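# Structural overview
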Amino acid sequence: MSIIGAEDEDFENDLDPTVDDHSSHFTSIELVKSRPTHLLVFLQHVILQFDCSSLLCYLHADLFKNLSTKETKKQFVEFYNSFLDKGAILRVQIPHNVSFELDRTRPDLLSEEQQRKFVQDVQLAQAPEILFILSPIPFIPIPLYLPLSSSSVFLLSSISVDEGVLLPEGVLPGLSLSGPTPQQEEQDPRLLELEQDPPNWREHTPPDTLKDLSKKETKRQEVINELFATEHAHVRMLSVLQTVFWKPLEREELMTATELATIFPSLDEIIDMHCEYGPTLRQHNFIVKAIGTTLLNRFGGTEGEWFQKLTSRFCSHQTWALEQLKMRQKKDPRFNSFILEAESRPQCRRLQLKDIIPTEMQRLTKYPLLLENIAKCTEDTLEKESIQQSAECCRKILNHVNEEVKQMENLLTLKDYQRRLDTSGLKPSNELYLEYKYLDLAQRRMIYEGPLTWRVTKEKTLEVQCVLLGDLLVLLQKQDDKMVLKCQSKSNIAVQEGKQMLSPIIKLDSAFLREVATDRKAFYVIFTWDSGAQIYELVAQSVGERRNWTDVIKMAVDELKKTGPPSDLKRGNSILTGGGGNPYSPTT
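Residues numbered from 1 in each chain as written. Predicted model: local features only at pLDDT ≥ 70, side-chain atom pairs only at ≥ 80, totals over all residues. Heavy atoms only, no water.

### Considering the packing of helix α15 (residues 301-316) against helix α19 (residues 359-376)
When two helices pack together, their arrangement is given by the angle between the helix axes and by the axis-to-axis distance. One way to put it is that α15 packs onto α19 with a least axis distance of 9 Å and a crossing angle of 135 degrees. The angle between α15 and α19 falls in the class oblique. The segment α15 lies against α19, with Phe-307, Thr-311, Phe-314 and Cys-315 engaging Glu-360, Met-361, Leu-364 and Tyr-367. Of the residues that constitute the contact of α15 with α19, the class distribution is 6 nonpolar, 1 polar and 1 charged. (Axes fitted to C-alpha atoms, helices over the stretch in contact; angles between N-to-C directions. Helix = DSSP H or I, 4+ residues; strand = E, 2+ residues; numbered from the N terminus. Parallel < 35°, antiparallel > 145°, perpendicular 65-115°, else oblique. Contact = heavy atoms within 4.5 Å. Nonpolar A, V, L, I, M, F, W, Y, C, P; charged D, E, K, R; others polar.)

### Re the nonpolar core
In terms of nonpolar packing, the biggest core is built from 63 residues, with Leu-241, Phe-245, Phe-264, Phe-299 and Leu-371 touching the most fellow members. The next biggest cluster of nonpolar side chains, apart from the first, holds 29 residues, and it includes Leu-59, Phe-79, Val-122 and Ile-130. (Core = buried A, V, L, I, M, F, W, Y, C linked by side-chain atoms within 4.5 Å. Buried < 20%, exposed > 50% of the residue type's maximum accessible area, 1.4 Å probe, protein only.)

### Here's the deal with α15
Think of an α-helix as turning once every 3.6 residues; residues three or four places apart then point the same way. In a regular helix each residue adds 1.5 Å, so 16 residues correspond to 22 Å; α15 covers 22 Å between its end C-alpha atoms and thus fits that length. Residues of α15 that are buried include every one of Gly-304, Trp-306, Phe-307, Leu-310, Thr-311, Ser-312, Phe-314, Cys-315 and Ser-316, and no others. (Expected span 1.5 Å × (residues − 1).)

### Quick notes on the pattern of salt bridges
For the structure shown, the criterion picks out 21 salt bridges. Two residues, Glu-392 and Arg-395, come together in a salt bridge whose shortest N-O distance is 3.1 Å. Of the two residues, Glu-392 and Arg-395 are both situated in helix α20 (residues 381-420); the distance of 3 residues between them amounts to about one turn of the helix. Since its relative accessible area comes to 29%, Arg-395 is described here as partly exposed. Asp-481 serves as the salt-bridge partner of Arg-420, at 3.7 Å between the closest nitrogen and oxygen. (Salt bridge = Lys/Arg side-chain N within 4 Å of Asp/Glu carboxyl O.)

### Structural notes on unusual backbone geometry
Backbone geometry at Glu-253 places phi at a positive 55 degrees, although glycine is not the residue there. Positionally, Glu-253 belongs in the loop between α11 (215-251) and α12 (257-263). Of note, Arg-350 is a non-glycine position whose phi angle comes to about 65 degrees, a positive value. Looking at the secondary structure, you find Arg-350 in the loop between α17 (333-343) and α18 (353-356). The class for Arg-350 is exposed, based on a relative accessible area of 86%.

### A short note on the pairing of strand β4 (residues 472-479)
Regular strands show a simple pattern: their side chains alternate between the two faces of the sheet. Of all the 8 residues making up β4, 6 are buried; the element is thus mostly covered by neighbouring parts of the structure. Relative to β4, strand β3 (residues 461-469) runs antiparallel, the two sharing 4 bridges. Following the sheet pairing, Leu-468 is matched in β4 by Leu-473. Pairing of β4 with strand β6 (residues 505-507), which is carried by 3 bridges, proceeds in the antiparallel orientation. Looking across to β6, one finds that Val-474 is bridged to Ile-505. Two strands pair when backbone bridges link them, and β4 and strand β5 (residues 482-484) are joined in this way by 3 bridges, in the antiparallel orientation. Counted as the bridge partner of Gln-477 is Val-484 from β5. From the end of β4 to the start of β5, which pair antiparallel, there are 2 residues, and Asp-480 there has a positive phi angle of about 55 degrees. (Pairing = 2+ DSSP bridges.)

### Considering the side chain of Thr-423
Position of Thr-423 relative to the elements: it lies in the loop between β1 (421-422) and α21 (430-436). Overall, Thr-423 belongs to the buried group, its relative accessible area being 13%. Every residue in contact with Thr-423, bar those within four places of it in the chain, is listed here: Tyr-433, Tyr-436, Lys-437 and Leu-485.

Structure follows, in structure tokens:
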């Protein structure tokens, strides 16, 4: 017998031309749902090629329809741990109303009605992702005898796929499983439209309608359109953080989920809020008659509080996040290569990651001005008041976020000083050394800091970094990489005897200020303690800076008299770690 090669024409003729490699069972989602074995194969296909979280969550949620009250309570905790918890391996997109409640209430303490409602909301939120997976898929070239991996069996075992499981009606109606093979890009379907610029309102407004608009109303529509367009561009840029950086970094195992959640805190929820904001505004069509109520609902009340919470969390991390990314790029060549390649992609629009992260903070600064401009062009009194009230809500949100950012930056500064702190210079005063040798600057609230000159005597001056805390004024000396706390004396005798040493730490509860008649840039801090009164002469770099220092010190002293000694402030740590002792907090 002759050997037939694969390239021989006779070999090709021997192939059965009637074999159809498209399995008819995978041409419709309805057929797949009706056959458990085929559904398992489809699930295996999704697990191998996509993020399977959405589909597994969708199917798991369907089980709640037939559960008793007791079973619902138990299963909801499992559902939460699998799909909703911030550390869940299969975490999915969660509606912000669900996230808001789960941030405040333990899942097991929710009523059965709330649990079922949340499951339904989460299930519906997965529909777009599943549509994205299903709609372009051709036939599934996986033989039915393909053994499932152990991990897949584990994931599927909790779903109980049998003849009784059908997906909810009306959400995924009879989709055809034909079309081009999907790209491996992790794209949220709702964000695909963001790559296209939003339509211009003038181009979609009938000429007669446009002609009838007054000059002021035309200006109003222009500003409203600017609000829409800039919001669209902002969501597009936030989506770049998610799709170009976060998900690929996690997929390539260059950063862990925990690290990424600290670098980009609440990013998913922030995108959700901005995405919901856009369609809500666009429903007014291209000529917007009334927008005040929509804006007030968005930036005021519960929605505004939730938005403030999310943006505060994200923006307060940005300085630390940028520093961590910079350090990682220096230490890890593979990580650095990934970042450089990602930044070169067209979605980044020639911006670097360090330019994209601050965009949320930049967006917050623009809302008040945009809304005020809309209000100026609005004739209706009630409408104008609603828009102005919305602008005021935006200013309050911005001020709150600014304060959170400031506190975080102060905390990071104190953590850096604490890392470099040297208290050995307190030893000449044994009393001071015993009290402050374990001083932890990072556990206190920093009010103000800056360079000052400390005139110990006419002949002896020291350059110090002065740090005003809630209850202390600390004078640090920079020596190489260290920040030194060192006692000073006005004479050599005092040094030898250990007496009348000037402390570098001044307790504000027994301090008061006086002007220096001979120097407008200087001021006295008079401090009384067990060894008697001490006078410190501190010199600022300008008269204005001297005024700033005296004002903030007086305010701190007055506050201390009203409220008493402050407890250690750990709010900054909770901002950074979410209150949970994150191993990636900037303590190292």
